[in-house]
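# Results of the structural survey
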Protein chains: 2
Amino acid sequence: MSKPLIFISNDDGITSKGLKTLVEVAKGLGEVIVVAPDKPQSGKGHAVTIKDPLRITKVDVFEDVESWKCSGTPADCVKLAKNILFKDRTVDLVLSGINHGNNVSINILYSGTMSAAMEGAIEGKNSIGFSLDDFSGNADFSASKHFVKNIIKKMLDYRGKTPLLLNVNIPNLPLAEIKGMKICRQSKGKWVEEFSESIDPRGVPYYWLTGKFENMEKEATDTDLWAIKNGYVSIVPSNYDLTNYNQLNNLDFII
Amino acid sequence: MSKPLIFISNDDGITSKGLKTLVEVAKGLGEVIVVAPDKPQSGKGHAVTIKDPLRITKVDVFEDVESWKCSGTPADCVKLAKNILFKDRTVDLVLSGINHGNNVSINILYSGTMSAAMEGAIEGKNSIGFSLDDFSGNADFSASKHFVKNIIKKMLDYRGKTPLLLNVNIPNLPLAEIKGMKICRQSKGKWVEEFSESIDPRGVPYYWLTGKFENMEKEATDTDLWAIKNGYVSIVPSNYDLTNYNQLNNLDFII
């Protein structure tokens, strides 16, 4: 039986430690191909490049893994892989990450990591975005490896009719202190005090995005935010259908 | 009674015809304030600017309307308005658009228009993204005005407990040919043949995003895509909770 084909992208860029970790784990479970941004793309959300041409260049960064760097966003990487690089091959699983920094709650909206996974899901592939709750470039991914490997294995065996899109967040703890995995929903939260204000050398103010994240469901114990703050890996089944079905039948007052 | 305060942004930029149309309509229904990108930001999805400073500059483009241009994305515009420019004011309604080009189906993911509206919803405000099914810079918004005005009026009167986030798409037809408005769900669809390939003067290939949109639910008559292709204004109640609740109880095999 041939090996499963695993496609990998990310948003921190082709040289990031989190991508390297993910490639190393996935290599043991299938044939891996990589297309990742040539520079960091954090916070790019589901952006695509419309007004500029895109470049893809083969690189030799991972042993025995066909790898390409791309001048665009994470979503561009997946689209180029599908349309240009691997259009005659059938991908079994799409992975993105491991992101340096969590993507819980509404941060899925800003996340390039999750948009790469979401592009996979739009193409009907089982797709997973992995994130570690540590923003530093030199984050410690050793505990992540254990969970990433387990989840990839389960997903390669999954034969359900509906493709799955998983948002996986791993707490920044040693393996022995992680209590397990939880299937969760996306927490309600928002950012507050979002900018630092400074004055440039010409006396003109400028603003830099920063802020504190506010959990708006402090009592809830079934959310991704609760899970990673309480020592669990959070797994949120996610969706690219943004219809609010609860409201669908209550809007006749508008029309 | 004081006038309602209506905040407006967009993704085509401060000088676009669609924004001007929306401001003109909204001015008749409340006090309007505008923060819009200083350049086109189409396709930027829910991107935020992390690695660069942001600038905001007061501009005099709309009569009797406080207006600012911003160097960032549509999401940045809403965040700067909330945190810096209008932090002591209570906004009653957040509007975005009118976009030059439709944002039906999965295009909501790539849409800067809808990400501005979504930022409003995250802040608990009723929010609407408006798009016209015509990508040209000189699109004809005369029929749009009628529906935009009606929908804004209804939303200013809405007193429901849950904020609404509406994705409104208007077909590119004369007013007399538009059959009415439909409350819809987001259509399933995807882009195919997504790149044009060319060779630059140095012999190196480059790729430019293009493509055809493929409706994956050709028989369905309850979708946004069906509505605008059949002469109706589509209104999709939308969501920033991306949890796939249908799958939440079926994933124990992973953990």
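It should be noted that the structure appears before, not after, this text.
Structural notes, computed from the coordinates. (Residues numbered from 1 in each chain as written. Chains lettered and ligands numbered in written order. Predicted model: local features only at pLDDT ≥ 70, side-chain atom pairs only at ≥ 80, totals over all residues.)

## Some thoughts on the overall build of chain A
A count of helices and strands for chain A gives six helices and 13 strands. Scaling as 2.2 N^0.38, a compact globule of 255 residues should have a C-alpha radius of gyration of about 18 Å, and chain A matches this with 19 Å. Its C-alpha atoms give chain A principal-axis dimensions of about 55 × 50 × 50 Å. Within chain A, the fraction of its 255 residues that count as buried is 53%. Partitioning the intrachain contacts of chain A with sequence separation of at least 6 by distance along the chain shows that 78% fall at a separation of at least 24. (Helix = DSSP H or I, 4+ residues; strand = E, 2+ residues; numbered from the N terminus. Rg over C-alpha atoms; globule rule 2.2 N^0.38 Å. Buried ≥ 20, exposed ≤ 12 C-beta atoms within 10 Å, placed from the backbone. Contact = placed C-beta atoms within 7 Å.)

## A word on the interface of chain B and chain A
Between chain B and chain A, the residue contacts involve 57 residues of the former and 57 residues of the latter. At the level of secondary structure, the elements contributing two or more residues to the side of chain B that touches chain A comprise α2 (74-85), α3 (107-110), α4 (112-122), α5 (142-157), β8 (180-183), β11 (205-209) and β13 (232-237) of chain B. Taken together, the residues of the side of chain B that touches chain A break down into 32 nonpolar, 14 polar and 11 charged. (Nonpolar A, V, L, I, M, F, W, Y, C, P; charged D, E, K, R; others polar.)

## Some thoughts on unusual backbone geometry
Residues and elements named next belong to chain A. Residue G97 is joined to I98 through a cis peptide bond whose omega torsion reads -10°. Relative to the helices and strands, I98 is located in strand β5 (residues 93-100). Within the chain, D64 stands out as a residue other than glycine whose phi angle is a positive 60°. Structurally, D64 is set in the loop between β3 (56-59) and β4 (66-70). D64 gets classed as exposed once you count the C-beta atoms within 10 Å, which come to 7. The phi angle at S105 is positive, at roughly 55°, despite the residue not being glycine. With respect to the element layout, S105 can be found in the loop between β5 and α3 (107-110).

## Digging into the pairing of β5 of chain A
All names here are of chain A. Of all the eight residues making up β5, eight are buried; the element is thus mostly covered by neighbouring parts of the structure. Across four bridges, the pairing between strand β1 (residues 5-9) and β5 is parallel. If you follow S9 over to β5, its bridge partner there is S96. As paired elements, β5 and strand β6 (residues 126-132) share six bridges and run parallel to each other. Along β6, the bridge assignment pairs S96 with G129. (Pairing = 2+ DSSP bridges.)

## Brief notes about the environment of R159 of chain B
Mapping R159 of chain B onto the fold places it in the loop between α5 and β7 (165-170). The sequence separation of R159 of chain B and N126 of chain B amounts to 33 residues, and the corresponding C-alpha distance is 9.9 Å.

## Remarks on the nonpolar core
Within the largest apolar cluster, 144 residues are counted, with the highest numbers of intra-cluster contacts made by L22 of chain A together with L22 of chain B. When near neighbours in sequence (up to four residues on either side) are disregarded, L22 of chain B contacts I8, L95, G97, I98, F130 and V148 of chain B. (Core = buried A, V, L, I, M, F, W, Y, C linked by C-beta atoms within 7 Å.)

## Here we look at the environment of Q186 of chain A
Summarising the element assignment, Q186 of chain A is placed in the loop between β8 (180-183) and β9 (189-192). Residues Q186 of chain A and I106 of chain A, 80 residues apart in the sequence, show an inter-C-alpha distance of 7.4 Å. The residues contacting Q186 of chain A, other than those within four sequence positions of it, are S105, I108, D224 and V236 of chain A together with D241, L242 and T243 of chain B.

## Digging into the sheet that holds β1 of chain A
Residue and element names in this part refer to chain A. Pairing within the open sheet is mixed, and its nine strands lie in the order β3-β4-β2-β1-β5-β6-β7-β13-β8. Two strands in the sheet have a free side with no partner beyond their single neighbour: β3 and β8. Put simply, the sheet's adjacent strands are angled 20° from each other on average, direction ignored. Sheet topology places β8 next to strand β13 (residues 232-237); four bridges connect them, and they run parallel. Within the sheet, the bridge partner assigned to I183 lies in β13 and is I235. (Axes fitted to C-alpha atoms, helices over the stretch in contact; angles between N-to-C directions.)

## Details of helix α2 (residues 74-85) of chain A
The buried count for α2 of chain A comes to nine of 12 residues, which makes it a mostly enclosed element. Taken as a whole, α2 of chain A has its buried residues at P74, A75, D76, C77, V78, K79, L80, A81 and K82 of chain A.

## Observations concerning the relation of the copies chain B and chain A
For the pair of chain copies, the relating transformation is a rotation about an axis with a translation along it. Expressed as a screw operation, the relation of chain B to chain A combines 0.0 Å of axial shift with a rotation of 180°, fitting to an RMSD of 0.0 Å. The relationship between the two copies is best expressed as a two-fold rotation axis. Interface residue correspondence from chain B to chain A reaches 100%, placing this contact among same-surface, isologous pairings. (Least-squares fit on C-alpha atoms with pLDDT ≥ 70 in both.)

## Quick word on the packing of helix α1 (residues 17-27) of chain B against α5 of chain B
All names here are of chain B. Contact geometry of α1 with α5 gives a least axis separation of 10 Å together with a crossing angle of 45°. Relative to α5, the element α1 is oriented oblique. By crossing handedness, the relation of α1 to α5 is classed as right-handed. Facing α1, whose interface residues are T21, L22, V25 and A26, α5 presents S144, K145, V148, K149 and I152. (Parallel < 35°, antiparallel > 145°, perpendicular 65-115°, else oblique. Left-handed = near helix turned anticlockwise from the far one by under 90°.)

## Quick notes on the sheet that holds strand β2 (residues 31-37) of chain B
Residues and elements named next belong to chain B. Pairing in this open sheet of nine strands is mixed, and the strands run β3-β4-β2-β1-β5-β6-β7-β13-β8 from one edge to the other. The open sheet terminates on both sides in strands that have one partner only, identified here as β3 (56-59) and β8. Adjacent strand axes in the sheet meet at a mean angle of 20°, parallel and antiparallel pairs treated alike. Relative to β2, strand β1 (residues 5-9) is paired through four bridges, and the arrangement is parallel. Counterpart to I6 in the pairing with β2 is V32.

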